[in-house]
Amino acid sequence: RRVKRGGCGYALFESEMQREQHRRRIMQRDVGLAVDKGELSVVFQPQVDARTVAVGGFEALLRWKHPEHGSISPADFIPAAETSGAIIPMGAFVLREACREAARWTAQLRVAVNVSAAQIVQADFAQLVKDVLSETGLAPERLEVEVTESLFIQDSATAKMTLQEIKDLGVSVAIDDFGTGYSSLSTLRAFPFDRIKVDRSFVSDMINNSDAAAIVNSVIGLGRAMGLRVVAEGVESDEQVAMLRLLRCHEIQGYLFGKPMPIGAYAHLTGPKHPRTYSSALPKLREI
Ligand code: C2E
Ligand code: MG
Ligand code: MG
Ligand code: MG
């Protein structure tokens, strides 16, 4: 290993880069085997009504536990899976698991599943959704697909067609991480979405930064004007909830209401004794 002279800051930087490259190579190598080796699991995070705090649904999020490297964040392995093609079996896995789980809930809650552009442009994606719904018995109205703006950059005709096929089944479609893409406003015109998810970066800065607050305010107004439901992502504080209520955001999701966890952690919300609102499950929230 080459360690340059001229300050340990530089050497440290170099070795960190090497470690990072090493991790990326391991990921590229192993990501394709993760499904078959049973290393993937799905966790769920609640989405609640901003006013009543009633749970409307859960977002399903993938987790990968690598035998040597421990748990790897989807922010790291999803891009690797997208380039290697592993996202196809992985995406089918998470869709199936999420629908199978949701079909067992006694509460008629929604389940949202993230879908990559690479999956949507596959010729048989709509058929996969159809198959999984009939296999699991989940009502199509209870499934939501979350896509990002990157979907509409390339091959948007195929993407639109596939999404429309899914919508025709009764499944809803959300635009995720809204505001971070290249052409947010034209994305809204590209497809009749059901829900907009305001990116966490705006929500987390909203209290201390008036520009971020202005953006959140505008996105909520825009969504409402277009007849869409608006969800704020990454809500962590009571102050954020208060502001989002003032701005008339419909729904909120974030660590304040629950981290992404195995569904067993939310059995009180999905099982036979589920309370009507989240506030009765978490007394703290009544005071917000
Ligand atoms: P996303 O779809 O925008 O999901 C929200 C991310 O924000 C999740 O990260 C969640 O754990 C995190 N989050 C939620 N609330 C809070 C909060 O209050 N504070 C903070 N700091 N973070 C919060 P996660 O699970 O690491 O997933 C990262 C991204 O990876 C997702 O962003 C999504 O783009 C992608 N991803 C995850 N699961 C899947 C999947 O099954 N398929 C595909 N294609 N992508 C996935
Ligand atoms: Mg998402
Ligand atoms: Mg998001
Ligand atoms: Mg995000």
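Remember, it's a predicted structure, so these values are computed and weren't measured experimentally.

A word on the layout of surface pockets. Space inside the largest pocket adds up to approximately 1,300 Å³. In terms of lining residues, the largest pocket is bounded by 40 residues, among which Glu59, Leu61, Asn114, Asp176 and Asp177 are the most central. Of all the secondary structure elements, the ones that give two or more residues to the lining of the largest pocket are strand 2 (55-66), helix 2 (74-84), helix 3 (87-104), helix 4 (117-120), strand 5 (143-147) and strand 6 (172-178). When its residues are assigned to classes, the lining of the largest pocket shows 16 nonpolar, 13 polar and 11 charged.

All right, on to the site of ligand 1 then. The local shell around ligand 1 holds 20 residues, among which Arg63, Asn114, Asp176, Glu236 and Tyr255 are the closest. Between Gln45 and ligand 1, the recorded distance is 3.0 Å, taken from a side-chain N or O atom to a nitrogen atom. In this structure, a nitrogen atom belonging to ligand 1 sits 2.4 Å away from a side-chain N or O atom of Glu236. When isolated, ligand 1 has an accessible area of 800 Å², and the protein chains bury 84% of it. One can see that ligand 1 is located within the largest pocket. For the shell around ligand 1, the elements supplying multiple residues, two or more each, are strand 2, helix 2 and strand 6. For the shell around ligand 1, the element with the highest residue contribution is strand 2, accounting for 4 residues. Among the residues making up the shell around ligand 1, the classes are represented as 8 nonpolar, 5 polar and 7 charged.

Parameters and conventions
Residues numbered from 1 in each chain as written. Chains lettered and ligands numbered in written order. Predicted model: local features only at pLDDT ≥ 70, side-chain atom pairs only at ≥ 80, totals over all residues. Heavy atoms only, no water. 1 Å grid on protein atoms, 1.4 Å probe; cavity = no way out; pocket = protein on both sides within 12 Å on 5 of 7 lines; lining within 4 Å. Points joined across faces, edges and corners; volume = space filled by probe spheres on them. Helix = DSSP H or I, 4+ residues; strand = E, 2+ residues; numbered from the N terminus. Nonpolar A, V, L, I, M, F, W, Y, C, P; charged D, E, K, R; others polar. Near = heavy atom within 4 Å. Polar contact = N/O pair within 3.5 Å; in protein donor to acceptor, adjacent residues only side chain to side chain. Areas by Shrake-Rupley, 256 points an atom, 1.4 Å probe, with all protein chains shown as cover. Sits in = over half its atoms within 2 Å of the grid points.

In short, the description is geometric, and any link to function would need to be established separately.
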